[in-house]
Amino acid sequence: MIHKLTNRKAIKSSEWLQQIASQEWKLAEPPAHEMLKIQQFDFAANLNDGLIIQRIKDAFQAVIESADDPPTEAQRVGSDGQMAVALHKALDGLTPREASDPDFWAYLACVGCPKYVRWRWNTSKPQALWTRIAGNIRRNALSRLWWWAEITCDAAKPLGSIDRYKITKNVQGRQSLMLWLVDCAFSGHTRIVQQLSAIQEAESLNDSEQKKICRSVNRLARVVCLDALSEESEAEALCNRALEVSKLLPA
């Protein structure tokens, strides 16, 4: 059984949001159901949000057990890879179309595990926290992880393979890359995603350089049909050209 939250905007002005923004993460609890508009709907895969939520909580528990109290910023950011893999596995069978529903992610974040959201995004600003709880799919604390795992996992490898999520787990120092890869039109092109990830690591591209190479791929996509890149060598050539172009762009 799957549910979604149909009054996401109401959360933005709620006392509940104000309260958890002013509290430490350990005190964050789901809002009273009376204030929520929850709707049941069906997915193509046989998924149960109760089981999904429990798996997310289990993954989060493993994260906090290995982190300091309070955690460092590096530990918060570094947890993204581990949480992304756990979430993607818990939602095995979810389609990209279904994953494009922000109401579904709002339910998981708001009702399922607000403690994780509050832990990961250490902010006292209700508006910023709302974005991570009930905002769009690119900013929601959970959906951003699922999409990162979706575009970086090697779907050709079985779910239990240690190499399936090799790129997904590598998140330190590449927050901009994560954001841009999910946001950009080329995110559905696995070869390009893999090549950009390899270049970022090999070249040790910093935050600004990551943004520039992604912008460069977008520019090249205006004159190159990305769907026609059938060979890995072609994707590699395009990404190397994007790297060259990016070095000519202003900071």
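In this text the structure is predicted, and so the values were computed from the model without any measurement.

## Overview of helix α3 (residues 49-65)
Given a rise of 1.5 Å per residue, 17 residues ought to cover 24 Å, and the 24 Å separating the end C-alpha atoms of α3 matches this to within 8%. All buried positions along α3 are accounted for by D49, I52, I53, I56, A59, F60 and V63. Projected down its long axis, α3 shows its buried positions confined to an angular sector of 125°, all on one face. Packed against the buried residues of α3 are β1 (2-5), α4 (73-90), α5 (102-112) and α6 (114-120).

## Overview of unusual backbone geometry
The omega torsion of the bond from D69 to P70 falls at 5°, within 30 degrees of zero and hence cis. Inspection of the secondary structure puts P70 in the loop between α3 and α4. Located in the positive-phi region is S204, a residue other than glycine, with phi close to 50°. Following the sequence through the fold, S204 ends up in the loop between α11 (190-203) and α12 (207-220).

## Quick notes on the packing of α11 against α12
The contact between α11 and α12 brings their axes to 11 Å, and the two run at 150°. Of the possible angle classes, the one that applies to α11 and α12 is roughly antiparallel. The two elements α11 and α12 meet at a crossing, and its hand is right-handed. Of the residues in α12, those touching α11 at I192, L196, I199 and Q200 are Q210, I213 and V217. Taken together, the residues of the contact of α11 with α12 break down into five nonpolar, two polar and no charged.

## Some remarks on the environment of R191
Here R191 is to be found in helix α11. Between the C-alpha atom of R191 and that of P71, which follows or precedes it by 120 residues, the distance is 35 Å.

## Some remarks on the packing of aromatic side chains
One pass over the full model with this rule turns up eight aromatic pairs. Measuring from centroid to centroid gives 5.5 Å for W25 and F60, while their planes differ by 75°, and the two rings are edge-to-face. Here the residue W25 occupies a position in the loop between α2 (15-22) and β2 (38-41), and F60 occupies one in helix α3, the gap between them amounting to 35 residues. Grouping residues by exposure puts W25 and F60 together as buried. Through a chain of ring-to-ring contacts, three or more aromatic side chains come together here, namely F41, F43, F104, W105, W146 and W147. In this structure, R76 packs its charged tip against the face of W119, placed 5.8 Å from the ring centre. Note that R132 overlies the ring of W121, its terminal NZ or CZ placed 3.7 Å from the centroid.

## A few points about the pattern of salt bridges
Throughout the structure, instances matching the rule amount to eleven salt bridges. R8 is the partner of D103 in a salt bridge, and the nearest nitrogen-oxygen pair spans 2.7 Å. With D103 in helix α5 and R8 in helix α1 (residues 8-12), the pair connects residues that are 95 residues apart, well separated along the chain. Note that D183 is salt-bridged to R139, the shortest N-O span being 3.5 Å.

## Looking at the packing of α2 against helix α7 (residues 126-134)
Across the interface, α2 lies against α7 with an axial gap of 9 Å and an inter-helix angle of 105°. Looking at the two axes, α2 sits roughly perpendicular to α7. Within the contact between the two elements, α2 uses W16, L17, Q18, I20 and A21 and α7 uses P126, L129, W130 and I133. In the contact of α2 with α7, the residues fall into eight nonpolar, one polar and no charged.

Reading guide: rules and limits
Residues numbered from 1 in each chain as written. Predicted model: local features only at pLDDT ≥ 70, side-chain atom pairs only at ≥ 80, totals over all residues. Heavy atoms only, no water. Helix = DSSP H or I, 4+ residues; strand = E, 2+ residues; numbered from the N terminus. Expected span 1.5 Å × (residues − 1). Buried < 20%, exposed > 50% of the residue type's maximum accessible area, 1.4 Å probe, protein only. Arc of directions from axis to C-beta. Contact = heavy atoms within 4.5 Å. Axes fitted to C-alpha atoms, helices over the stretch in contact; angles between N-to-C directions. Parallel < 35°, antiparallel > 145°, perpendicular 65-115°, else oblique. Left-handed = near helix turned anticlockwise from the far one by under 90°. Nonpolar A, V, L, I, M, F, W, Y, C, P; charged D, E, K, R; others polar. Phe/Tyr/Trp six-rings, centres within 6.5 Å; stacked < 30°, edge-to-face > 60°. Lys NZ or Arg CZ within 6 Å of the ring centre and 35° of its normal. Salt bridge = Lys/Arg side-chain N within 4 Å of Asp/Glu carboxyl O.

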